[in-house]
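# Survey of secondary and tertiary structure
One-letter residues, chain by chain:
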Amino acid sequence: MGETRIIKNICCIGAGYVGGPTMAVIAQKCPHIKVTVVDLNAQRIADWNDADLDKLPIYEPGLADVVAEARGRNLFFSTDVDKAIDEAQMIFISVNTPTKTYGVGKGMAADLKYIELCARQIARVSKDDKIIVEKSTLPVRTAEALRTILTSTGNHVNFQVLSSPEFLAEGTAVTDLHKPDRVLIGGDADAEGQAAIEALVAVYENWVPRERIITTRVWSSELSKLTANAFLAQRVSSINAISALCEKTGADVDEISRAIGADSRIGAKFLKSSVGFGGSCFQKDILNLVYLCQHFNLPEVAAYWEQVIKMNDYQKHRFAKKIIDSLFNTVSGKKIAFLGWAFKKDTNDTRESAAIYVADELLQDRAEIHIYDPKVRAEQVFADLEYLQTHRKDAIHGVSLTTDEIKNLVKVHVNPYTAMRSAHAIAILTEWDEFKIYDWQKVYGQMLKPAFVFDGRNVVSKTELEEIGFHVYNIGKG
Ligand SMILES: NC(=O)C1=CN([C@@H]2O[C@H](COP(=O)(O)OP(=O)(O)OC[C@H]3O[C@@H](n4cnc5c(N)ncnc54)[C@H](O)[C@@H]3O)[C@@H](O)[C@H]2O)C=CC1
Ligand SMILES: O=C(O)[C@H]1O[C@H](OP(=O)(O)OP(=O)(O)OC[C@H]2O[C@@H](n3ccc(=O)[nH]c3=O)[C@H](O)[C@@H]2O)[C@H](O)[C@@H](O)[C@@H]1O
């Protein structure tokens, strides 16, 4: 039997949306463990170390308090990757695993170059035995590749590779980490593998009840993560598919969600119809799953899951088209105010946000877009739009816009009322709570008439807005 090691020193490579909050909570709940989070991005590390907690690189409710409690005590952020690797008994890898944008598997497979670099660095630096934990979301059997790289060095160090995917959602990361539905840990079946699993179980047991910690074999753990995201995204695409039918038939998608969600076999969560799901992971992980299925010659299974993405693209396109159709078939020269740019509320993350794609479609028709989001900075909005111009999927038609064209047509505001002033239409792209309590009478008074509201999140009251005089379009309400 391998002996369970008491972990006193953890390193995490990658100080992003997963590495930062996850390690902050481990440090908070395990004051006896030194946790060092490292990243190549010096600015990101400086922001994590900033005395002003408002400058943390990630906005998450409750995160600043956790960082304030642990930082400098047993939580450290550093760019000295080698030193942190050398000192740690357990190393979490939380680097990004985006969709490949080049070569074999382009547009589908996960790009594992950052993971591979980490493995090579760990192999080069390590002088004693270490447990490596895959926190990033990875294709099934990546642990095997990691192990091959790690053991191909001359250091004669023993590495155990565990898979412990993260299930936190942005906007609720701290709550999800404090009270996870489950923690998943996959490892080898042999004695050393089981001992490594127990070492990580012991870390989580400081605050997570043992019955919520699921242990499996490595491959099951890796594939569980892709499957969980595919199922969650599939629910959103399924309800969004029904929203289109609701609009044709006069049914109300929110009423349908309530009615079907009351069935305990279906459950109420993840049935909120929207302008389309975004975020860095749903699309990337499903594409990765589709790629794996194709690789293993399962074309029917690949096509089944690919449909979830196609439905999501359709939903974003349907929303943009609705705006153009309603504004008398052109938005050229018209001012459209966007409320929200983040991919969901309570985060400053904009990766794959539906707002980017809807904006692009309106810009193709030469709309003027005025954006307000309580947490997203102007530079991020421009970076998102510029990135899309060079990374169009086949599904997204349209010509690439130049940086100057984007700068001329897009304005980012820090005040929502200025964004909406003299607008022809308002499009709600993110479900920020503050949108519900705006002075809509005042907004109406300052807009051009007829004044349109396209609510991509069903957050404002259609009845109240119509009483004021707005023309309102909601998702899935006939
Ligand atoms: N964002 C989310 O809510 C969730 C993400 N995941 C998964 O976690 C992984 C990380 O995602 P995020 O934290 O969102 O990514 P991120 O992009 O926010 O952070 C990754 C960080 O890793 C750093 N990095 C890359 N290579 C490095 C290297 N060789 N050495 C040191 N630092 C390096 C980057 O500079 C970046 O700061 C992905 O696989 C993702 O699929 C899983 C669950 C939730
Ligand atoms: O692997 C990941 O990155 C994470 O992906 C999602 O988390 P996240 O993308 O942060 O946020 P979600 O709450 O899942 O929302 C994703 C998108 O779906 C949309 N959504 C969600 C739920 C819903 O009912 N309707 C809906 O349109 C959201 O607005 C958002 O654009 C999963 O929920 C996490 O469990 C997982 O760890």
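Residues numbered from 1 in each chain as written. Chains lettered and ligands numbered in written order. Predicted model: local features only at pLDDT ≥ 70, side-chain atom pairs only at ≥ 80, totals over all residues. Heavy atoms only, no water.

Applied cut-off: UniProt positions are given in the numbering used here, feature names are shortened, and annotations may be inferred rather than shown by experiment.
If you look the protein up in an unreviewed UniProt entry, it shows as UDP-glucose 6-dehydrogenase from Ancylomarina euxinus. Check the Pathway (unreviewed entry) section of the UniProt entry for the protein; it says "Nucleotide-sugar biosynthesis; UDP-alpha-D-glucuronate biosynthesis; UDP-alpha-D-glucuronate from UDP-alpha-D-glucose: step 1/1." Looking at the protein in UniProt, the text filed under Catalytic activity (unreviewed entry) is "UDP-alpha-D-glucose + 2 NAD(+) + H2O = UDP-alpha-D-glucuronate + 2 NADH + 3 H(+)".

## Focus on the overall build of the protein
How we decide: Put simply, DSSP H or I for four residues or longer makes a helix, DSSP E for two residues or longer makes a strand, and each gets a number counted from the N terminus. Radius of gyration means the value over C-alpha atoms here, while the globule rule gives 2.2 Å times the residue count to the 0.38 power. In this scheme, a residue with accessible area under 20% of its type's maximum is buried, one over 50% is exposed, and one in between is partly exposed, where area comes from a 1.4 Å probe on protein chains only. In this analysis, two residues are considered to be in contact whenever any of their non-hydrogen atoms come within 4.5 Å of each other. Each accessible area is a Shrake-Rupley result for a 1.4 Å probe, and residues are judged covered by the shown protein chains and nothing else. His is not counted, nor are the chain ends, whereas Lys and Arg count as positive and Asp and Glu as negative. Taken as the charge centre is NZ of Lys, CZ of Arg, CG of Asp or CD of Glu, depending on the residue.
A count of helices and strands for the protein gives 18 helices and 14 strands. Taken over the C-alpha trace, the protein has a radius of gyration of 24 Å; the compact-globule value for 478 residues is 23 Å, and the two agree within 12%. A principal-axis box enclosing the C-alpha atoms of the protein has dimensions of 75 × 50 × 45 Å. Buried residues in the protein amount to 53% of all 478 residues. The long-range fraction of contacts in the protein, counting pairs at least 24 apart against all pairs at least 6 apart in sequence, stands at 76%. For the protein, the accessible area works out to roughly 21,000 Å², and carbon and sulfur atoms hold 53% of it. Of the charged side chains in the protein, 56 are positive and 62 negative, and the gap between their average positions amounts to 1 Å.

## A look at the site of ligand 2
We count it as follows: One heavy atom within 4 Å of a molecule or strand is enough for the residue carrying it to be called near that molecule or strand. For the purposes of these results, a polar contact is taken to be a pair of N or O atoms within 3.5 Å, where, inside protein, one atom must be able to donate a hydrogen and its partner to accept one; residues adjacent in sequence count only when each atom of the pair is a side-chain atom.
Looking at ligand 2, there are 20 residues lining it, with Phe167, Leu168, Ser274, Cys281 and Arg457 nearest. Residue Phe167 places a main-chain N or O atom 2.7 Å away from an oxygen atom belonging to ligand 2. Within the side chain of Arg457, one N or O atom sits 2.6 Å away from an oxygen atom of ligand 2. Here ligand 2 loses 90% of its free accessible area of 700 Å² to cover by the protein chains.

## As for the UniProt feature "active site" (unreviewed entry) in the protein
The UniProt record annotates "active site" (unreviewed entry) at Cys281. Its relative accessible area of 27% is what places Cys281 among the partly exposed residues.

## Some details on the domain arrangement of the protein
Just so we agree on the cut-off: Boundaries of every domain are those given by an automatic assignment or by a domain database. In this description, buried area is defined as the sum, over both parts, of the accessible area (probe of 1.4 Å) that is lost when the two are combined. Counted as salt bridges are all cases of a side-chain nitrogen of Lys or Arg within 4 Å of a carboxyl oxygen of Asp or Glu.
For the protein, the assigned domains read domain 1 (9-208) and domain 2 (229-474). Taken together, the 21 residues of domain 1 in the interface contact 20 residues of domain 2. At the boundary of domain 1 with domain 2, total buried surface from both sides reaches about 1,600 Å², with 56% on carbon and sulfur atoms. It is Tyr59, Met108 and Glu170 that lose the most area in domain 1 upon contact with domain 2, and together they represent 41% of the buried surface on that side. Linking domain 1 to domain 2 there are one salt bridge. The interface formed by domain 1 and domain 2 contains six residue pairs in polar contact (both at pLDDT 80 or more).

## Regarding empty space enclosed by the protein
Which entries qualify depends on this criterion: The rule is simple: put a 1 Å grid over the protein atoms alone, call a set of points where a 1.4 Å probe fits but cannot get out a cavity, call an open set with protein on both sides within 12 Å along at least five of seven lines a pocket, and count a residue as lining if it has an atom within 4 Å of a point. Grid points are joined across faces, edges and corners, and a volume is the space filled by probe spheres set on the points. Only Asp, Glu, Lys and Arg are considered charged in this grouping, and only Ala, Val, Leu, Ile, Met, Phe, Trp, Tyr, Cys and Pro are considered nonpolar; every other residue, Gly among them, is considered polar.
Considering all chains together, one arrives at one cavity of 30 Å³ or more under this definition. As a volume, the largest cavity reaches approximately 40 Å³. What lines the largest cavity is simply Glu134, Ser136, Thr137, Leu138, Ser163, Ser164, Pro165, Glu222 and Lys225. The residue makeup of the lining of the largest cavity, split by class, is two nonpolar, four polar and three charged.

## Topic: the site of ligand 1
Of all residues adjacent to ligand 1, which total 25 residues, the nearest are Asp39, Arg44, Thr97, Glu170 and Lys284. A distance of 2.6 Å separates an oxygen atom of ligand 1 from a polar side-chain atom of Asp39. At 2.7 Å from an oxygen atom of ligand 1 is found a side-chain nitrogen or oxygen belonging to Arg44. Burial of ligand 1 by the surrounding chains reaches 92%, relative to a free accessible area of 830 Å². Partitioned by chemical class, the residues of the shell around ligand 1 number nine nonpolar, nine polar and seven charged.

## Re unusual backbone geometry
Put simply, Lys449 and Pro450 share a cis peptide bond, and its omega is 0 degrees. Topologically, Pro450 is positioned in the loop between helix 17 (440-446) and strand 13 (452-455). For Asn329, which is not a glycine, the phi torsion comes out positive at approximately 75 degrees. For Asn329, the location among the structural elements is in the loop between helix 12 (299-326) and strand 9 (335-339).

## Some words on the nonpolar core
Within soluble globular proteins, side chains that are nonpolar generally end up buried alongside one another. In plain terms, the rule: Working definition of a nonpolar core: buried Ala, Val, Leu, Ile, Met, Phe, Trp, Tyr and Cys residues. They are joined through side-chain atoms within 4.5 Å.
Within the largest apolar cluster, 61 residues are counted, with the highest numbers of intra-cluster contacts made by Phe338, Leu362 and Trp440. No other element matches helix 13 (residues 354-364), which puts eight residues into this core. Contacts of Trp440, omitting those with residues within four sequence positions, involve Leu339, Met420, Ile426, Phe435, Val453, Val460, Leu465, Ile468 and Phe470. Within the second largest apolar cluster, 45 residues are counted, among which are Ala15, Ala24, Ile197 and Ile213.

## Notes on the pairing of strand 8 (residues 213-217)
Short version of the rule: In short, DSSP must find at least two bridges between two strands for them to pair. Consider the strands pointing away from the viewer: the crossover is right-handed when the path from the first strand over the helix to the second runs clockwise.
Examined bridge by bridge, strand 7 (residues 183-187) and strand 8 share five bridges and lie parallel to one another. Looking at strand 8, one finds that Val183 is bridged to Ile213. Remark: the strand 7/helix 8 (residues 191-204)/strand 8 crossover connection has right-handed handedness.

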